[in-house]
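Residues per chain, in single letters:
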Amino acid sequence: MAVRIRLKITGQGEQPVITTAVLNGGFEVAEPHLLLPARCAGLVLGDYRSSAVWQSMEAAGGQVDFLLASDTVNARAVTADREGHEVSFKILVSDADPEVLVSDAGIDALGLRIESFAPGRWRFADQTLIRETEPPQYW
């Protein structure tokens, strides 16, 4: 099972977007990145396509091309009882992926720790309270 959290994303759009995001330790990058499905990216970034550039990356299935947005966004983990600290993220946009993904560097920057993958348990790094995975949200 994937570990999913609620993520509040603030970009160029009028309102923040709150969505479920997969914590993807296999999404390996040096800086915090989010992979946003195109529909979500449009809400968060507005007209991102005119200034985005193509970025090739190696994925499990081989070489994949994404749009790298020129703007960054801010995001934080949110739960019923807490909001985590805000982190600046670079944005990759996918026309094929249906879920928001948080990179390995993004997971660390958000201050999150995955406790167990199979049941989908996680926690904030500064707490011992174990939290359950969120249901998927498909864009």
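Structure: see above.
So, here's what we can say about the structure. Fair warning: this is a prediction, and the values are worked out from it, not measured in the lab. (Residues numbered from 1 in each chain as written. Predicted model: local features only at pLDDT ≥ 70, side-chain atom pairs only at ≥ 80, totals over all residues. Heavy atoms only, no water.)

### Regarding the overall build of the protein chain
Helices and strands together make up the secondary structure of the protein chain, namely two helices and 11 strands. Its helices and strands taken in sequence order, the protein chain reads β-β-β-α-β-β-β-β-β-α-β-β-β from the N to the C terminus. Relative to the globule expectation of 14 Å for 139 residues, the C-alpha radius of gyration of the protein chain, 14 Å, shows essentially globular dimensions. Structurally, the protein chain occupies a C-alpha span of about 45 × 35 × 25 Å along its principal axes. By the burial criterion, 42% of the 139 residues in the protein chain qualify as buried. Pairs at least 24 residues apart make up 63% of the contacts formed inside the protein chain by residues separated by at least 6 positions. Within the structure as shown, the protein chain displays about 7,100 Å² of accessible surface, and the carbon and sulfur contribution to it stands at 48%. Once the 12 positive and 19 negative side-chain charges of the protein chain are each reduced to a mean point, those two points are 6 Å apart. (Helix = DSSP H or I, 4+ residues; strand = E, 2+ residues; numbered from the N terminus. Rg over C-alpha atoms; globule rule 2.2 N^0.38 Å. Buried < 20%, exposed > 50% of the residue type's maximum accessible area, 1.4 Å probe, protein only. Contact = heavy atoms within 4.5 Å. Areas by Shrake-Rupley, 256 points an atom, 1.4 Å probe, with all protein chains shown as cover. Lys, Arg positive; Asp, Glu negative; His and termini not counted. Charge placed at Lys NZ, Arg CZ, Asp CG, Glu CD.)

### Considerations on the pairing of strand 9 (residues 112–116)
Where strand 9 and strand 10 (residues 121–124) come together, four bridges link them in antiparallel fashion. Along strand 10, the bridge assignment pairs Arg-113 with Arg-123. Between strand 9 and strand 10, which follow one another and run antiparallel, lie four residues, and Gly-120 among them has a positive phi close to 75°. (Pairing = 2+ DSSP bridges.)

### Quick notes on the layout of surface pockets
Computed from the structure, the largest pocket encloses a volume of approximately 270 Å³. If you trace the largest pocket, you find it lined by Asn-24, Gly-26, Phe-27, Glu-28, Leu-35, Met-57, Glu-58, Ala-59, Ala-60, Phe-66, Asp-97 and Leu-101. (1 Å grid on protein atoms, 1.4 Å probe; cavity = no way out; pocket = protein on both sides within 12 Å on 5 of 7 lines; lining within 4 Å. Points joined across faces, edges and corners; volume = space filled by probe spheres on them.)

### Some words on the sheet that holds strand 10
Sheet strands line up and pair through hydrogen bonds in the backbone, either parallel or antiparallel. In space, the three strands of this open sheet follow the order 9-10-11, with antiparallel pairing throughout. The strands lining the two open edges of the sheet, one partner per strand, are strand 9 and strand 11 (131–132).

### What to know about the pattern of salt bridges
Within this structure, the stated rule accounts for 11 salt bridges. Two residues, Arg-76 and Glu-86, come together in a salt bridge whose shortest N-O distance is 3.5 Å. One end of the pair, Arg-76, is in strand 6 (residues 73–78); the other, Glu-86, is in the loop between strand 6 and strand 7 (87–94), and 10 residues separate them in sequence. The closest approach of N and O atoms between Arg-82 and Asp-126, which form a salt bridge, is 2.8 Å. Pair noted here: Arg-82 is in the loop between strand 6 and strand 7 and Asp-126 is in the loop between strand 10 and strand 11, with a separation of 44 residues, a long-range link. Look at Asp-126 and you get exposed, because its relative accessible area is 58%. One network of salt bridges, with partners in common, ties together Lys-8, Arg-76, Glu-83 and Glu-86. (Salt bridge = Lys/Arg side-chain N within 4 Å of Asp/Glu carboxyl O.)

### Describing the nonpolar core
Judged by nonpolar contacts, the single largest core of 32 residues is most densely connected at Leu-7, Leu-34, Leu-36, Val-102 and Leu-112. The residues touching Leu-36, leaving out its near neighbours within four places in the chain, are Ile-9, Ala-41, Val-44, Ile-91, Leu-92, Val-93, Ser-94 and Val-100. Ranked by size, the runner-up nonpolar core spans eight residues in total, among them Phe-27, Val-29, Leu-35 and Leu-92. (Core = buried A, V, L, I, M, F, W, Y, C linked by side-chain atoms within 4.5 Å.)

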